[in-house]
Amino acid sequence: MDAVDDAILRELTADARLPYRELGKRVGLSPNAAANRVRRLVEDGTIRGFTVVTAASPARPGAGLEVFVEVRLVDGTTNEAFTAALGQGFPQVLDAVHVTGSYDYLLHAVVPDPAALDLFVRRLKREAGAGQTFTRLALRA
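Novice: Sorry, what's going on with the packing of helix α1 (residues 3–14) against helix α3 (residues 31–43) here?
Specialist: Helix packing for two helices is described by the angle between their axes and how far apart those axes are. Two elements in contact, α1 and α3, have axes separated by 11 Å at closest approach and are oriented at 85°. With respect to α3, the axis of α1 lies roughly perpendicular. On the side of α1, the interface is formed by Val4, Asp5, Ile8, Leu9 and Leu12, while α3 contributes Arg37, Val38, Arg40 and Leu41. Its residues assigned to classes, the contact of α1 with α3 shows 6 nonpolar, no polar and 3 charged.

Set out below in structure tokens:
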């Protein structure tokens, strides 16, 4: 790790979806060199994953159902593809954590009602590469 790696980590912590072109410009590297550095940081375990955080808040009165959904990805679905899909069309997801165990991800989400939960889980399977899910409802915070 050097000063450039530290700068990359600061930039990606602020915005993990920062394009390599912009990341490189901010840390003084070409887009390819920035991509190579990020790849190395992932491979050596310095970066262990990327997370999606939305502006929704489960603490807001009337926000709906707070749920935790364990997701097992379909064979062939990459972590990058899954998290990209979450970032593109699943605003109800507050947090997505890549976990160990029998499931690949633990999602924390807020949905308005049971029908919206059903739609959310169906969309995860149809559009994001989720193969199997296990959902828990938060009874209280």
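Novice: Got a minute to help me understand the packing of aromatic side chains in this structure?
Specialist: Centre distance and the angle of the planes are the two values used to describe a pair of aromatic rings. A complete count under the given rule lists 2 aromatic pairs for this structure. For the ring pair Phe82 and Tyr105, a centre distance of 4.8 Å and an interplane angle of 40° mean the geometry is tilted. In this pair, Phe82 sits in helix α4 (residues 79–89) while Tyr105 sits in strand β3 (residues 105–111), placing the two residues 23 residues apart along the sequence. The residues Phe82 and Tyr105 share a single accessibility class, namely buried. Look at Phe90 and Phe120: their rings are 6.0 Å apart centre to centre, the planes differ by 70°, and that puts the pair in the edge-to-face class. With Phe90 in the loop between α4 and β2 (93–98) and Phe120 in helix α5 (residues 114–128), the pair connects residues that are 30 residues apart, well separated along the chain. Exposure class is identical for Phe90 and Phe120. Each is buried. Sitting over the ring of Tyr103, Arg72 keeps its end group 4.6 Å from the ring centre. Sitting over the face of the ring of Phe90, Arg123 holds its NZ or CZ atom 4.2 Å from the ring centroid.

Novice: Would you explain the sheet that holds strand β4 (residues 130–137) in this entry?
Specialist: Backbone-to-backbone hydrogen bonds join strands into a sheet, with any given pair of strands oriented parallel or antiparallel. Spatial strand order, β2-β3-β1-β4: 4 strands in an open sheet with antiparallel pairing. Of all the strands in the sheet, the pair left with one neighbour each is β2 and β4. Adjacent strand axes in the sheet meet at a mean angle of 20°, parallel and antiparallel pairs treated alike. Of the pairings in the sheet, the one linking strand β1 (residues 65–73) to β3 comprises 7 bridges and is antiparallel in character. Within β3, the position partnered with Phe68 by the bridge is His108. Contacts between α4 and the sheet are confined to β1, β2 and β3, with β3 contributing the most and set at about 10° to the helix. Those strands touched by α5 are β1, β2, β3 and β4, and its axis lies near 155° from that of β4.

Novice: Teacher, can you tell me more about the nonpolar core here?
Specialist: Formed by 20 residues in total, the largest nonpolar core has its most connected members in Val71, Phe82, Leu86, Leu107, Phe120 and Leu124. Those elements that provide at least two residues to this core are β1, α4, β2, β3 and α5. Here this core gets 5 residues from one element, more than from any other, and that element is α5. Each residue touching Phe82, except ones within four places of it in the same chain, is listed here: Val71, Leu73, Thr77, Tyr105, Leu107, Leu124 and Ala128. In this structure, Leu18, Val27, Ala34 and Val38 belong to the second largest nonpolar core, which totals 10 residues.

Novice: Please clarify how α3 should be interpreted in this entry.
Specialist: Because the α-helix completes a turn every 3.6 residues, residues three or four places apart line up on one side. Taking 1.5 Å per residue as the helical rise, α3 with its 13 residues ought to reach 18 Å, and the 18 Å between its terminal C-alpha atoms agrees with that figure. What α3 keeps buried is the set Ala34, Ala35, Arg37, Val38 and Leu41. The arc that holds every buried residue of α3, seen down its axis, measures 160°, which confines them to one face. In this structure, α3 carries Asn32 and Glu43 as exposed residues pointing more than 90 degrees from its buried face. Where α3 ends, the next residue or the one after it, Gly45, has phi of about 90°, a positive value.

Cut-off values and rules
- What you see as residue numbers is a count from 1 along each chain, following the sequence as written.
- Under the rules for a predicted model, residues below a pLDDT of 70 receive no local features and side-chain atom pairs below 80 are neither given nor counted, while totals for whole chains, interfaces and linings still include all residues.
- As a convention, hydrogens and water are excluded, and side-chain values are obtained from all of the structure's heavy atoms.
- For helices, the fitted axis covers only the stretch in contact; all axes are lines through C-alpha atoms, and the angles between them, taken along N-to-C directions, range from 0 to 180 degrees.
- Elements are defined by DSSP. Helices are runs of H or I of four residues or more, strands are runs of E of two residues or more, and each kind is numbered from the N terminus.
- Each angle is binned into one of four classes, with values under 35 degrees roughly parallel, values over 145 roughly antiparallel, values of 65 to 115 roughly perpendicular, and all other values oblique.
- For this analysis, residues touch if any pair of their heavy atoms sits within 4.5 Å.
- Three categories are distinguished: nonpolar for Ala, Val, Leu, Ile, Met, Phe, Trp, Tyr, Cys and Pro, charged for Asp, Glu, Lys and Arg, and polar for the others, with Gly belonging to the last.
- Between 30 and 60 degrees the pair is tilted, below 30 it is stacked and above 60 it is edge-to-face, where a pair is any two Phe, Tyr or Trp rings, Trp via its six-membered ring, whose centres lie within 6.5 Å.
- Think of it in three bands: with a 1.4 Å probe and only protein chains considered, a residue is buried below 20% of the maximum accessible area for its type, exposed above 50%, and partly exposed in between.
- To sit over a ring, a charge needs its Lys NZ or Arg CZ within 6 Å of the ring centre and within 35 degrees of the ring normal.
- For two strands to count as paired, DSSP must find a minimum of two bridges between them.
- Buried residues of nine kinds, namely Ala, Val, Leu, Ile, Met, Phe, Trp, Tyr and Cys, make up a nonpolar core once their side-chain atoms join them within 4.5 Å.
- Given a helix with a known number of residues, its expected span is that number minus one, times 1.5 Å.
- What the arc covers is the set of directions going from the helix axis to the C-beta atoms.

That's the geometry; what it means functionally is another story.
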